[in-house]
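# Fold and geometry: a report
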Amino acid sequence: MTVADLESRLDSAELTEWMAFERITGPLGRRRGDIQAATIAATIANANRGKGGRRFTVSDFLVPYGVEKKSPEQMLAAIRGINRSMGGEERGGRGED
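Residues numbered from 1 in each chain as written. Predicted model: local features only at pLDDT ≥ 70, side-chain atom pairs only at ≥ 80, totals over all residues. Heavy atoms only, no water.

### Overview of the pattern of salt bridges
As enumerated under the stated definition, the model contains three salt bridges in all. For Arg31, the salt bridge goes to Asp34, with nearest N and O atoms at 3.9 Å. Remark: Asp34 and Arg31 occur in helix H3 (residues 30–47); sequence separation between them is three residues, near one turn of the helix. A salt bridge links Asp60 to Arg54; the shortest N-O distance between them is 3.2 Å. Residue class for Asp60 comes out partly exposed when judged on its relative accessible area of 37%. A relative accessible area of 52% places Arg54 in the exposed class. (Salt bridge = Lys/Arg side-chain N within 4 Å of Asp/Glu carboxyl O. Helix = DSSP H or I, 4+ residues; strand = E, 2+ residues; numbered from the N terminus. Buried < 20%, exposed > 50% of the residue type's maximum accessible area, 1.4 Å probe, protein only.)

### A few points about the packing of aromatic side chains
According to the stated counting rule, one finds two aromatic pairs in the structure shown. Ring centres of Trp18 and Phe21 lie 5.7 Å apart, and the angle between their planes is 85 degrees; this geometry places the pair in the edge-to-face category. A residue pair is termed a helical-turn pair when its members lie 3 or 4 positions apart in one helix, as Trp18 and Phe21 do in helix H2 (residues 12–25) at three residues. Under the relative-accessibility criterion, Trp18 is labelled partly exposed at 45%. Plain terms: the ring middles of Phe56 and Phe61 are 5.8 Å apart, the flat faces sit at 55 degrees to each other, and that makes the pair tilted. Of the residues examined, Phe61 reaches a relative accessible area of 34% and is grouped as partly exposed. (Phe/Tyr/Trp six-rings, centres within 6.5 Å; stacked < 30°, edge-to-face > 60°.)

### What to know about H2
Because each turn of an α-helix spans 3.6 residues, side chains separated by three or four positions end up pointing in the same direction. Taking 1.5 Å per residue as the helical rise, H2 with its 14 residues ought to reach 20 Å, and the 20 Å between its terminal C-alpha atoms agrees with that figure. Positive phi shows up at Gly26, right after H2, with a value of about 105 degrees. (Expected span 1.5 Å × (residues − 1).)

### Examining the side chain of Asn46
Relative to the elements of secondary structure, Asn46 occurs in helix H3. Not counting the four nearest positions on each side in its chain, Asn46 is found in contact with Arg54, Arg55 and Phe56. (Contact = heavy atoms within 4.5 Å.)

Right, here's the structure in full:
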């Protein structure tokens, strides 16, 4: 779903309600699936660990999204690189800094 689709189907009041719901119940969508899969993986790993082996936690099996923080300049450089690699050309804006 695009942002335009979302805006045409959902007003700000309903979006706010969904945001509040997610804060109460935990993440929705893909992230929730990641947590569920990590819970199962930790359970299986703990059931099969050797005597005295390290106890696994759910966080041991979660994919760390967005852990590496980048500066705005680094993000812009990455976007420009992707654009170039796809044969795009930059128009407008500040140009090359």
